[in-house]
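Notes for the structure review
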Amino acid sequence: MNVIKIATQLLGGLVMVWALLTLNSGCSRYYQGPESDHFDGSRFFNPGQPMHKGFAEFLKWRLSGERGAWPRFSELARYDHPPARVEGEQLRVALVGHATVLIQTQGLNILTDPLFSERTSPVSWAGPRRVHPPGVSLEDLPPIDLIWISHNHYDHLDLVSLDHLWQRDQPRIIVPLGNDRIITAHNPAIRVEAYDWGAGVEVGPQLRVHLLPVQHWSARGLFDRNQALWAAFVLTTPRGNIFFDGDSGYGRGQAFQAARQRFGSFRLAILPIGDYSPRWFMAYGHMNPREALQAWADLGRPYMLPIHYGMFQLADTGYREPLQDLEQALAADQQAAARVQPLAAGGFWLVPLGEDVVHPEETATVDPRDGD
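Describing the sheet that holds strand S6 (residues 193-195)
Sheet strands associate in pairs through backbone hydrogen bonding, adopting either a parallel or an antiparallel arrangement. One open sheet holds the 7 strands; their spatial order is S6-S5-S4-S3-S2-S1-S13, and the pairing between them is mixed. The two strands at the open ends of the sheet, each matched to only one other strand, are S6 and strand S13 (348-351). The average undirected angle you get between the axes of adjacent strands in this sheet is 20°. In this structure, strand S5 (residues 172-176) lies alongside S6, joined through 3 bridges in parallel fashion. Bridge pairing links Val175 to Ala194 in S6.

Here it is as structure tokens:
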């Protein structure tokens with residue numbers, strides 16, 4: 001690694017540290033409640049698998065990592081213009097980008113981890129910058145009824161986007177414990193519902209949202225690590241269940257196996273496959289494509305939409321690596337290849353109800369222009 005590259009990475013790391021120190025130096029606890037098997041009275045943790053890596057390991061990665069190639073900013077090949085509603089058993093999913101997915105079914109419009117800002121960062125002038133616009137613009141989004149926030153990292157909880165959607169649609173916002181305080185500190189007018197793992201919430205006739213454990217962690221600065229909870233979401237519907245995991249490591253797979261045991265089957269699993277390098281640092285909180293496929297198998301091999309790639313450079317993983325590694329992992333399993341459908345941001349998919357595969361309207365998996 002040359003001197004310029006080292007200096008650039010060090011400067012970038014110092015800028016982010018300064019921002020995190022400045023914005024969180026006076027933070028207070030996000031949640032106060034009774035101790036449990038995943039809350040010690042002050043911080044949340046993953047039972048049996050606590051995270052031991054901290055700021056020292058983060059600095060080691062930032063100073064020694066070899067970042068994969070990423071393109072410069074470019075427009076997408078196409079953009080989705082979703083319908084106002086999708087009724088009945090039809091299930092339409094559109095990849096806005098990263099972990100932001102528009103789910104439309106049973107007349108309900110759900111948006112996961114909405115992120116429309118230019119950067120995923122504590123400040124607007126520094127930090128990871130998107131390489132493509134959102135695949136669905138804010139102007140083209142239909143009225144949003146429900147928002148799920150999986151955890152408080154900046155690439156999943158974007159307060160600017162959330163504030164805009166609240167002003168426009170006033171949707172129900174469901175978050176794991178502690179994340180509500182982050183949101184209301186930004187805008188006290190926003191109504192947020194915060195729940196623990198295992199909770200179930202009715203969101204419509206025969207529609208219920210459940211929060212489930214996954215292996216991850218939380219922080220928005222240097223002093224608030226694991227003060228807010230993280231979760232996966234399940235939407236139970238009369239025509240099949242939907243599993244959404246915004247971000248997690250695989251661990252021993254117990255979270256996915258327990259979800260299958262509890263809910264029986266799933267119509268669709270939305271699972272992250274990106275930002276997994278270097279493995280020594282990222283494996284705890286980020287699945288690679290092979291682990292995501294193992295999680296998919298644990299869930300019963302439903303249809304699967306991969307997410308968390310191709311929009312922000314957040315790790316050493318190259319721009320094209322997640323989909324290339326996914327393709328290699330699928331090569332030996334024809335059934336899996338038929339049920340796992342990567343989308344480019346701006347693509348949508350009408351998810352089948354039964355066994356017959358219906359290919360997505362937009363099947364390109366990356367921007368066709370070579371910007372590397």
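Side note on the environment of Asn226
Mapped onto the fold, Asn226 is located in the loop between strand S8 (207-212) and strand S9 (232-236). Once the C-alpha coordinates of Asn226 and Phe39 are considered, the two residues, 187 residues apart in sequence, prove to be 9.4 Å apart. Apart from the residues lying within four places of it in its own chain, the contact partners of Asn226 are Arg43, Phe44, Trp217 and Ser218.

Points about the nonpolar core
Ranked by size, the top nonpolar core spans 64 residues in total, and within it Phe243 and Leu268 carry the most contacts. Beyond its immediate sequence surroundings of up to four residues, Leu268 is in contact with Leu91, Val93, Asn241, Ile242, Phe243, Pro302, Tyr303, Met304, Leu305, Trp349 and Val351. Ile144, Leu159, Trp166 and Ile183 belong to the second-largest nonpolar core, a separate cluster that totals 25 residues.

Topic: the pairing of strand S7 (residues 200-204)
Bridge count for S7 against S8 is 4 bridges, and the pairing is antiparallel. Looking at S8, one finds that Glu202 is bridged to Arg208. Between the antiparallel neighbours S7 and S8 lie 2 residues, among them Gln206 with a positive phi of about 60°.

Some words on empty space enclosed by the protein
Scanning all chains against the criterion turns up 2 cavities of 30 Å³ or more. Empty space within the second largest cavity amounts to approximately 40 Å³. Taken together, Trp70, Gly274, Asp275, His308, Tyr309, Gly310, Met311, Phe312, Thr317, Gly318 and Pro322 form the lining of the second largest cavity. By residue class, the composition of the lining of the second largest cavity is 5 nonpolar, 5 polar and 1 charged.

Focus: the sheet that holds S8
Overall, mixed pairing links the 6 strands, which are arranged S7-S8-S9-S10-S11-S12 in an open sheet. The open sheet is flanked by S7 and strand S12 (303-307), the only strands paired with a single partner. When strand polarity is set aside, the average angle formed by the axes of neighbouring strands in this sheet is 20°. Pairing analysis gives 5 bridges linking strand S11 (residues 268-272) to S12, with the strands arranged parallel. When the sheet's bridge partners are listed, Ile270 is paired in S12 with Leu305. The strands touched by helix H7 (residues 289-298) within the sheet are S11 and S12, with S11 carrying the most contacts at an inclination of about 155°.

What about unusual backbone geometry?
Comment: phi is negative for the bulk of residues other than glycine, and the bulk of peptide bonds are trans. Residue Pro278 is reached from Ser277 by a cis peptide bond, and omega for that bond is 0°. Relative to the elements of secondary structure, Pro278 occurs in the loop between S11 and helix H6 (279-282). The phi dihedral of Asn226 falls on the positive side, at around 60°, and the residue is not glycine.

Focus: the pairing of S5
Where burial is concerned, most of S5 is hidden: 4 out of the 5 residues are buried. Between strand S4 (residues 146-148) and its parallel partner S5, the chain crosses via helix H3 (residues 159-169), and the hand of that crossover is right-handed. As for the winding sense of the linkage, the β-α-β connection from S5 through helix H4 (residues 179-186) to S6 is right-handed.

So, helix H5 (residues 254-263)
Those residues of H5 not exposed but buried are Ala255, Phe256, Ala259 and Phe263. Along the axis of H5, the buried residues cluster in a sector spanning 95°; they form a single face. Tucked inside the fold, the buried residues of H5 contact S8, S9, strand S10 (242-244), S11 and H7. Gly264 sits one or two positions beyond H5 and adopts a positive phi of about 85°.

Cut-offs used in this document
- Residues numbered from 1 in each chain as written.
- Predicted model: local features only at pLDDT ≥ 70, side-chain atom pairs only at ≥ 80, totals over all residues.
- Heavy atoms only, no water.
- Pairing = 2+ DSSP bridges.
- Helix = DSSP H or I, 4+ residues; strand = E, 2+ residues; numbered from the N terminus.
- Axes fitted to C-alpha atoms, helices over the stretch in contact; angles between N-to-C directions.
- Contact = heavy atoms within 4.5 Å.
- Core = buried A, V, L, I, M, F, W, Y, C linked by side-chain atoms within 4.5 Å.
- Buried < 20%, exposed > 50% of the residue type's maximum accessible area, 1.4 Å probe, protein only.
- 1 Å grid on protein atoms, 1.4 Å probe; cavity = no way out; pocket = protein on both sides within 12 Å on 5 of 7 lines; lining within 4 Å.
- Points joined across faces, edges and corners; volume = space filled by probe spheres on them.
- Nonpolar A, V, L, I, M, F, W, Y, C, P; charged D, E, K, R; others polar.
- Right-handed = clockwise from strand over helix to strand, strands pointing away.
- Arc of directions from axis to C-beta.

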